[in-house]
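The primary structure of each chain is shown beneath.
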Amino acid sequence: EAGVAQSPRYKIIEKRQSVAFWCNPISGHATLYWYQQILGQGPKLLIQFQNNGVVDDSQLPKDRFSAERLKGVDSTLKIQPAKLEDSAVYLCASSFSLAALGTDTQYFGPGTRLTVL
Amino acid sequence: AQTVTQSQPEMSVQEAETVTLSCTYDTSESDYYLFWYKQPPSRQMILVIRQEAYKQQNATENRFSVNFQKAAKSFSLKISDSQLGDAAMYFCAYRSYGQGAQKLVFGQGTRLTINP
């Protein structure tokens with residue numbers, strides 16, 4: 001079974017530029033998550049999709065960050081314009097979760113390391 | 001809101017010995033899940049072990065086991081017979097027991113070094 005795919009693995013941009021990250025979840029997984037991991041910290045949820053609907057985007061800086069999940073499969077996270085403090089690893093995760101109680105393991109991709117200069 | 005605290009930024013252990021990583025959490029919920037994830041330099045988070053709060057028995061996965069103390073809100077990870085491949089960042093995480101998918105709340109992480 002293929003894992004969660006993300007691209008690019010690394011990105012370096014100047015502040016005020018825009019950038020986009022792509023995620024392809026595990027086939028059949030209904031839920032997709034984007035986490036931001038700043039150096040030295042644990043990941044923090046930015047946005048969670050159930051199929052193509054947003055479940056939780058309470059910690060997404062909506063003035064500069066946007067995300068979409070077209071057709072309930074792939075997802076794109078965009079930052080426009082980028083700030084220095086956006087330098088971080090952006091992790092995508094997916095889980096099966098069809099409104100069932102119980103353990104619902106999140107599988108993570110390799111992440112994209114963003115450096116804003 | 002739930003919080004997770006890992007008070008040990010770094011730990012080191014000799015190969016083949018045992019090490020324990022600490023984690024405490026704060027919640028007002030009675031049912032939830034706790035996890036330990038491993039993040040090697042490749043950055044990919046890998047699930048190590050999972051504990052359901054309603055289970056009194058501590059979870060075990062081969063060389064990895066937990067000590068879950070619900071009243072104390074403590075969830076430590078014990079790694080026995082440490083191997084060089086165990087070197088990584090370890091994150092403790094909390095998830096609510098809700099219907100459907102729930103986000104993970106992570107601690108700050110503990111960097112584990114294995115000395116040969």
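Here's a quick rundown of the structure. What you see is a predicted model, and the numbers here were worked out from it, not measured in a lab. Within each chain, residue numbers correspond to sequence positions counted from 1 in written order. All chains are assigned letters beginning with A, and all ligands numbers beginning with 1, in the order in which they are written. Thresholds applied to this predicted model are a pLDDT of at least 70 for local features of residues and 80 or more for the giving and counting of side-chain atom pairs; totals over whole chains, interfaces and linings are not thresholded and use all residues. Think of the side-chain values as coming from all heavy atoms in the structure, minus any hydrogens and water.

## Re the side chain of Asp 86 of chain B
All names here are of chain B.
Part 1 of the argument: Each helix is a run of DSSP H or I of at least 4 residues and each strand a run of E of at least 2, with the numbering of both proceeding from the N terminus. In this fold, Asp 86 is placed in the loop between strand S9 (74–79) and strand S10 (88–96).
Part 2 of the argument: Throughout this description, a polar contact denotes any pair of N or O atoms lying within 3.5 Å of each other; where both atoms belong to protein, one of them has to be capable of donating a hydrogen while the other can accept it, and for residues adjacent in sequence the pair is counted only when both atoms sit in side chains. A distance of 2.8 Å separates the side chain of Asp 86 from the side chain of Arg 63, its partner in a polar contact.
Part 3 of the argument: Those residues in contact with Asp 86 that lie beyond four places of it in its chain are Lys 38, Arg 63, Phe 64, Ile 79, Asp 81, Leu 112 and Ile 114. Note on contacts: a residue pair is in contact if any heavy atoms of the two residues lie within 4.5 Å.

## Let's talk about the pairing of strand S6 (residues 53–56) of chain A
Every regular strand shows the same layout, with side chains that alternate between the two sheet faces.
Residues and elements named next belong to chain A.
Part 1 of the argument: Only strands joined by at least two bridges in the DSSP assignment are considered to pair. The sheet contact formed by strand S5 (residues 44–50) and S6 spans 3 bridges and is antiparallel. In the sheet register, Gln 50 faces S6, and the bridge partner there is Gly 53.
Part 2 of the argument: As consecutive antiparallel partners, S5 and S6 are separated by 2 residues, and within that stretch Asn 51 has a phi angle of approximately 55 degrees, a positive value.

## What about the layout of surface pockets?
Part 1 of the argument: Here a cavity means grid points, on a 1 Å grid over the protein atoms only, where a 1.4 Å probe fits yet cannot get out; a pocket means an open set of points with protein on both sides within 12 Å along at least five of seven lines; lining residues are those with an atom within 4 Å of a point. Grid points are joined across faces, edges and corners, and a volume is the space filled by probe spheres set on the points. Quantified by volume, the largest pocket comes out at close to 380 Å³.
Part 2 of the argument: Surrounding the largest pocket, 19 residues form its lining, Gln 37 and Leu 39 of chain A together with Gln 39, Met 89 and Arg 111 of chain B being those nearest its centre.
Part 3 of the argument: Here the lining of the largest pocket takes 3 residues from S10 of chain B, the largest share from any one element.
Part 4 of the argument: Amino acids outside the nonpolar list (Ala, Val, Leu, Ile, Met, Phe, Trp, Tyr, Cys, Pro) and the charged list (Asp, Glu, Lys, Arg) are all regarded as polar, and Gly is one of them. Split into classes, the residues belonging to the lining of the largest pocket amount to 9 nonpolar, 7 polar and 3 charged.
Part 5 of the argument: Space inside the second largest pocket adds up to approximately 190 Å³.
Part 6 of the argument: Lining the second largest pocket are Leu 47, Val 48, Ile 49, Arg 50, Gln 51, Glu 52, Lys 55, Gln 57, Ala 59, Thr 60 and Glu 61 of chain B.
Part 7 of the argument: Within the residue set of the lining of the second largest pocket, elements represented by two or more residues are strand S6 (46–52) and strand S7 (60–61) of chain B.
Part 8 of the argument: The element best represented in the lining of the second largest pocket is S6 of chain B, accounting for 6 residues.

## Points about the packing of aromatic side chains
Part 1 of the argument: Each Phe, Tyr or Trp ring (for Trp, its six-membered ring) is paired with any other whose centre lies within 6.5 Å, and the angle between the two planes then decides the class: stacked below 30 degrees, edge-to-face above 60, tilted in between. One pass over the full model with this rule turns up 16 aromatic pairs over all chains.
Part 2 of the argument: Arranged with centres 5.5 Å apart and planes meeting at 80 degrees, the rings of Phe 108 of chain A and Tyr 37 of chain B form a pair that is edge-to-face. Within this pair, whereas Phe 108 of chain A is found in strand S10 (residues 107–108), its partner Tyr 37 of chain B is found in strand S5 (residues 32–39), the two belonging to separate chains. The exposure classification of Phe 108 of chain A matches that of Tyr 37 of chain B, with both residues buried. Residue burial is assigned from relative accessible area. The probe radius is 1.4 Å, only protein chains are included, and a residue is buried under 20% of its type maximum, exposed over 50%, and partly exposed in between.

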